[in-house]
Amino acid sequence: MFVRRPGRHATAPPVLTGSHIDSQPFGGAYDGAYGVLAGFEVLEALDDAGVETERPVELAIWTNEEGSRFQPTTMGSAVFVGELGLPEAMAAIDAQGRVLRDELEALVAAVPDAIHRDLAFPMHAFLEAHIEQGPILEAEGKSIGLVRAIQGLRWFTLVVRGRAGHAGTTPPSARQDALVGAVNAIDALNQLAAAEGDRVRLTVGRLEVHPNSPNTIPGEVLFTVDLRHPGEDALEKLGGLIGETVRKAAAPCDVEVHETLRSPPTLLDDSLRGLVRSITEGLGLSYLEMDSGATHDAKNLALHTPTGMVFVPCRDGVSHVQEEYASVEWMLAGTRVLAGAVTELAA
Ligand code: HGY
Ligand code: MN
Ligand code: MN
């Protein structure tokens, strides 16, 4: 979704800001939503100040950044820049078997007078305000994070297949318990990650046991792997070991490995960060140059246009939980920086 504020030069590539409004199943109220509301504030502040910009300014609300219901994460912006094919995204299925295409078409039908935009339309720059989702800014007492890079991530779905059977009559020697296989595999993956030190992030966030009955030996187990690292070589190396590590540990069960996302570490635009830095200094705000542990739509937009991110602190660095929180003061500072940078870019 794009909310457009016209500029003097109607056909000039617009300056975009924005983020996402989808959340985690038990997520907080700030991840994504802050960047969208900050973008609305920028549009309204330009109106209140009667500022006419040369370029149009647009607020983008990207679809399905979280990838929690429909995989993969950052789906909408990936389709927009051509990193993910539209048919592939439309075919995504959620845990209840609902297809993304049907859900999206129902939504679009609800707004019949919406104007449809081309994918990958030209833009002058994209700037996303977001909570840090980590503890650094708060711990360092800094108001603004100037983001240099977004760490790489690879997503996998693994299916361990054994043999379902009766819990009471099947002796250990005759069992191929898919859950035992999956548990051994997850343990082996965590040992693999532990050997890489403190910079790697390996998370098994979803595990589905079939038939999921107390007195039937699990015949099939699906689990996901979210693997992240700031270094491209380490991400390649570790990602390349996922399949064999799981196959070895889950034996004699069979294993199916699907990689659903492969996203290298992404550098954001230096000159755009320089502009944001000068705006931040002009406002007398403290700041820190940093990298992002979380992924963002900005990772995809960086493949399409000069892209930057403005971070604000979040309490205790927690996110993707309902305790997620950012103070009005923190969010206001980030919004002022965003307003200054967007206005300068669109001037
Ligand atoms: O997964 C992420 O890093 C983002 O917060 N959705
Ligand atoms: Mn987010
Ligand atoms: Mn998130």
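Structure first, text after, so check above.
A quick note: this is a predicted structure, and the numbers were derived from the prediction, not measured. (Residues numbered from 1 in each chain as written. Chains lettered and ligands numbered in written order. Predicted model: local features only at pLDDT ≥ 70, side-chain atom pairs only at ≥ 80, totals over all residues. Heavy atoms only, no water.)

**A look at the overall build of the protein chain**
Regarding its fold elements, the protein chain presents 10 helices and 15 strands. Over its C-alpha atoms the protein chain spans a radius of gyration of 22 Å, differing by no more than 12% from the 20 Å that the globule rule assigns to 347 residues. For the protein chain, the C-alpha atoms occupy an extent of roughly 80 × 50 × 35 Å along the three principal directions. For the protein chain, the proportion of its 347 residues judged to be buried stands at 49%. The contacts in the protein chain between residues at least 6 apart in sequence include a share of 80% that link residues at least 24 apart. (Helix = DSSP H or I, 4+ residues; strand = E, 2+ residues; numbered from the N terminus. Rg over C-alpha atoms; globule rule 2.2 N^0.38 Å. Buried < 20%, exposed > 50% of the residue type's maximum accessible area, 1.4 Å probe, protein only. Contact = heavy atoms within 4.5 Å.)

**A closer look at the site of ligand 1**
Within the structure, ligand 1 sits among Asp31, Glu65, Glu66, Gln133, Arg228, Ala294, Thr295 and His320. Contact distances for ligand 1 include 3.1 Å between a nitrogen atom and a side-chain N or O atom of Glu65. His320 places a side-chain nitrogen or oxygen 3.0 Å from an oxygen atom of ligand 1. Protein coverage of the free-state accessible area of ligand 1, which is 220 Å², stands at 94%. (Near = heavy atom within 4 Å. Polar contact = N/O pair within 3.5 Å; in protein donor to acceptor, adjacent residues only side chain to side chain. Areas by Shrake-Rupley, 256 points an atom, 1.4 Å probe, with all protein chains shown as cover.)

**Observations regarding the environment of Leu285**
Mapped onto the secondary structure, Leu285 falls in the loop between helix H8 (270-282) and strand E14 (287-292). Of the residues examined, Leu285 reaches a relative accessible area of 16% and is grouped as buried. Sequence spacing of Leu285 and Val337 is 52 residues, and the spatial spacing of their C-alpha atoms is 9.0 Å. Sequence-distant contacts of Leu285, defined by excluding residues within four places in its chain, comprise Ser143, Ile144, Thr280, Ala333 and Val337.

**Examining the coordination of the manganese ion (ligand 2)**
At 2.1 to 2.3 Å from the manganese ion (ligand 2) lie its protein donor atoms, namely His20 (NE2), Asp31 (OD) and His130 (NE2). Each donor residue of the manganese ion (ligand 2) belongs to the same chain, with the gaps between them written as H-x10-D-x98-H. According to the relative accessible area criterion, His130 is buried, its value standing at 1%. (Donors = N, O, S within 2.8 Å, 3.2 Å for Na, K, Ca; no water.)

**What about H8?**
Over its 13 residues, H8 runs 18 Å from end to end, which matches the ideal 18 Å to within 8%, given 1.5 Å per residue. The complete set of buried residues in H8 reads Leu272, Arg273, Leu275, Val276, Ile279 and Thr280. The arc that holds every buried residue of H8, seen down its axis, measures 155 degrees, which confines them to one face. Facing away from the buried side of H8 by more than 90 degrees, the exposed set consists of Asp270, Ser271 and Gly282. Where H8 is buried, its residues meet strand E4 (125-131), strand E5 (144-150), E14, strand E15 (307-312) and helix H10 (328-346). A positive backbone phi angle near 70 degrees is found at Gly284, which sits one or two residues after H8. (Expected span 1.5 Å × (residues − 1). Arc of directions from axis to C-beta.)

**What about the packing of helix H6 (residues 178-194) against helix H7 (residues 232-250)?**
Angle between the axes and distance between the axes are the two parameters that describe a pair of packed helices. H7 packs onto H6 with a crossing angle of 140 degrees between their chain directions and a minimal axis gap of 8 Å. In the packing of H6 onto H7, the handedness of the crossing is right-handed. In this structure, H6 uses Gly181, Asn184, Ala185, Ala188, Leu189 and Leu192 to contact H7, whose residues at the interface are Leu238, Leu241, Ile242, Thr245, Val246, Ala249 and Ala250. Taken together, the residues of the contact of H6 with H7 sort by class into 10 nonpolar, three polar and no charged. (Axes fitted to C-alpha atoms, helices over the stretch in contact; angles between N-to-C directions. Left-handed = near helix turned anticlockwise from the far one by under 90°. Nonpolar A, V, L, I, M, F, W, Y, C, P; charged D, E, K, R; others polar.)

**Here we look at the coordination of the manganese ion (ligand 3)**
Protein-derived coordination of the manganese ion (ligand 3) comes from Asp31 (OD), Glu66 (OE), Glu66 (OE) and His320 (NE2), at a distance range of 2.1 to 2.6 Å. One way to put it: the six donor atoms around the manganese ion (ligand 3) meet at angles of 53 to 166 degrees, and that makes the site irregular. Positions of the donor residues of the manganese ion (ligand 3) along the chain correspond to the pattern D-x34-E-x253-H. The two metals, the manganese ion (ligand 3) and the manganese ion (ligand 2), are separated by 3.6 Å and share Asp31 as a common coordinating residue. (Tetrahedral: all angles 85-135°; square planar, octahedral: opposite > 155°, others 65-115°.)

**Re the side chain of Arg228**
Within the fold, Arg228 resides in strand E11 (residues 220-229). Of note is the side chain of Arg228, whose polar atom sits 2.8 Å from the side chain of Asp226. Setting aside anything within four residues of it in sequence, one finds Arg228 in contact with Gln151, Gly152, Leu153, Arg199, Val200, Arg201, Leu235, Gly293, Ala294 and Thr295.

**Digging into unusual backbone geometry**
In this model, His210 is joined to Pro211 through a cis peptide bond whose omega is 5 degrees. Tracing the backbone shows Pro211 in the loop between strand E9 (207-210) and strand E10 (216-217). Despite not being glycine, Thr74 shows a phi value in the positive range, around 50 degrees. Mapped onto the elements of the fold, Thr74 is located in the loop between strand E3 (57-62) and helix H2 (75-81).

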